[in-house]
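# Residue-level structural notes
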Amino acid sequence: MLISAFLQPLWGQANPHPVSWKQQLIRNSDSTLTLVLEATIEAGWHLYSQHTPEGGALPTEFSFAGAGEGYELWGTVKESETQTAYSDIFEVDETFFKDTARFTQEILITDPELPGIQVDVFYQACKEVCIGAEKTFLFSLTGTPFTPQTLALDEASQTRAAQLTVDFKNRH
């Protein structure tokens with residue numbers, strides 16, 4: 001892993017990331033949607049399944065911002081067909097995608113005024129090196145671009161935060 005951490009910046013300067021993404025929103029009804037994320041993976045590279053065993057490459061993970069507030073997840077993220085092979089490097093069977101991967105999540109809209117859904121994907125692609133990455137997808141439900149709200153601290157909270165002190169023991 002030390003080697004991949006060292007080589008990652010060098011590789012990243014010369015080449016774009018080996019995984020490119022597309023998104024699609026499918027309206028099944030007024031209140032149900034399917035969010036689709038499709039990855040195209042460069043030849044020789046692997047993108048890892050959500051279900052790859054521990055001890056190997058990092059699995060793909062999905063985070064749905066605000067789930068339970070205006071929408072609910074129906075089930076879990078489904079993924080297209082994977083391959084499994086033994087990794088001599090990690091000494092475990094790894095589950096991965098070659099060439100393409102497709103992930104889908106069913107959504108139930110509980111607030112008809114919901115402007116959109118943010119999905120954050122954390123993943124790793126490996127060939128001779130492993131490159132970790134994250135990508136944010138914004139799905140608009142209104143037909144206009146969706147920008148998630150950012151929360152700012154109020155003045156009282158900022159004042160209290162500035163007054164916090166941390167007492168480090170054994171620090172000279």
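Look up: the structure comes first, before these words.
First, a word on scope: everything that follows refers to the structure included in this document. In this text, all values refer to a predicted model and were calculated from it rather than measured experimentally.

Definitions and limits used
Per-chain numbering applies: the sequence of each chain, read as written, is numbered from 1 onward. Two thresholds apply to this predicted model, a pLDDT of at least 70 for residue-level local features and 80 or more for giving and counting side-chain atom pairs, whereas whole-chain, interface and lining totals are computed over all residues. Values shown for side chains rest on all heavy atoms present in the structure; no hydrogens or waters enter the calculation. We define a salt bridge as a contact between a side-chain nitrogen of Lys or Arg and a carboxyl oxygen of Asp or Glu at a distance within 4 Å. Here a helix means four or more residues in a row that DSSP labels H or I, a strand means two or more in a row labelled E, and each is numbered from the N terminus. Relative accessibility decides the category of a residue: with a 1.4 Å probe and only protein chains considered, values under 20% of the type maximum give buried, values over 50% give exposed, and everything between is partly exposed. Buried and open spaces are told apart on a 1 Å grid over the protein atoms alone, a cavity being a set of points where a 1.4 Å probe fits but cannot get out and a pocket being an open set with protein on both sides within 12 Å along at least five of seven lines. Residues with an atom within 4 Å of a point are the lining residues. Grid points are joined across faces, edges and corners, and a volume is the space filled by probe spheres set on the points. Each residue is assigned to one of three groups, with Ala, Val, Leu, Ile, Met, Phe, Trp, Tyr, Cys and Pro labelled nonpolar, Asp, Glu, Lys and Arg labelled charged, and all others, Gly among them, labelled polar. The pairing test for Phe, Tyr and Trp rings, Trp by its six-membered ring, is centres within 6.5 Å, and the orientation test on the planes gives stacked under 30 degrees, edge-to-face over 60, and tilted for anything in between. Should the NZ of a Lys or the CZ of an Arg lie within 6 Å of a ring centre and within 35 degrees of the ring normal, that charge is described as sitting over the ring. In short, DSSP must find at least two bridges between two strands for them to pair. Note on geometry: axes are lines fitted to C-alpha atoms, helical ones only across the stretch in contact, with angles between N-to-C directions running from 0 to 180 degrees.

Looking now at the pattern of salt bridges. Enumeration over the complete set of coordinates arrives at one salt bridge. Across the pair arginine 102 and glutamate 38 runs a salt bridge whose closest N-O atoms are separated by 2.5 Å. Placement of the pair is arginine 102 in strand E8 (residues 100–109) and glutamate 38 in strand E2 (residues 32–41), with a sequence separation of 64 residues. In this structure arginine 102 comes out as partly exposed when scored by relative accessible area, which is 34%.

Moving on, we come to empty space enclosed by the protein. In the structure shown here, the tally under the stated rule is one cavity of 30 Å³ or more. By volume, the largest cavity is sized at about 40 Å³. Residue assignment for the lining of the largest cavity shows that the elements contributing at least two residues are E2, strand E4 (61–65) and E8. Taken together, the residues that form the lining of the largest cavity break down as seven nonpolar, two polar and no charged.

Quick look at the environment of glutamate 69 now. Turning to its location among the elements, glutamate 69 is positioned in the loop between E4 and strand E5 (71–79). The spatial distance from the C-alpha of glutamate 69 to the C-alpha of isoleucine 109 is 9.3 Å, given a sequence separation of 40 residues.

Scanning the model with the defined rule gives six aromatic pairs in all. Over the aromatic face of phenylalanine 137 sits the side chain of lysine 135, whose NZ or CZ is 5.6 Å from the ring centroid.

This next bit is on the pairing of strand E7 (residues 92–97). Along any regular strand, the residues point their side chains to alternate faces of the sheet. Counting buried positions along E7 gives five out of six residues, so the element sits mostly inside the fold. With two bridges joining them, strand E3 (residues 46–48) and E7 adopt antiparallel strand pairing. Its bridge partner lying in E7, tyrosine 48 is registered against phenylalanine 96. Judged from the five bridges that link them, strand E6 (residues 83–87) and E7 form a sheet pairing that is antiparallel. Among the inter-strand pairings, alanine 85 is bridged to a residue of E7, identified as glutamate 94.

Taken in spatial order, the four strands line up as E1-E2-E8-E5 in an open sheet, and their pairing is antiparallel. Edge positions in the sheet fall to strand E1 (19–27) and E5, since each of these pairs with one other strand and no more. Direction aside, neighbouring strands of the sheet carry axes that sit 20 degrees apart on average. Pairing of E5 with E8, which is carried by six bridges, proceeds in the antiparallel orientation. Note that in E8 the partner of glutamate 72 across the bridge is leucine 108.

Moving on to unusual backbone geometry. Residues other than glycine seldom take positive phi values, yet glutamate 91 does so here, at roughly 60 degrees. With respect to the secondary-structure elements, glutamate 91 resides in the loop between E6 and E7. A relative accessible area of 59% means that glutamate 91 is categorised as exposed.

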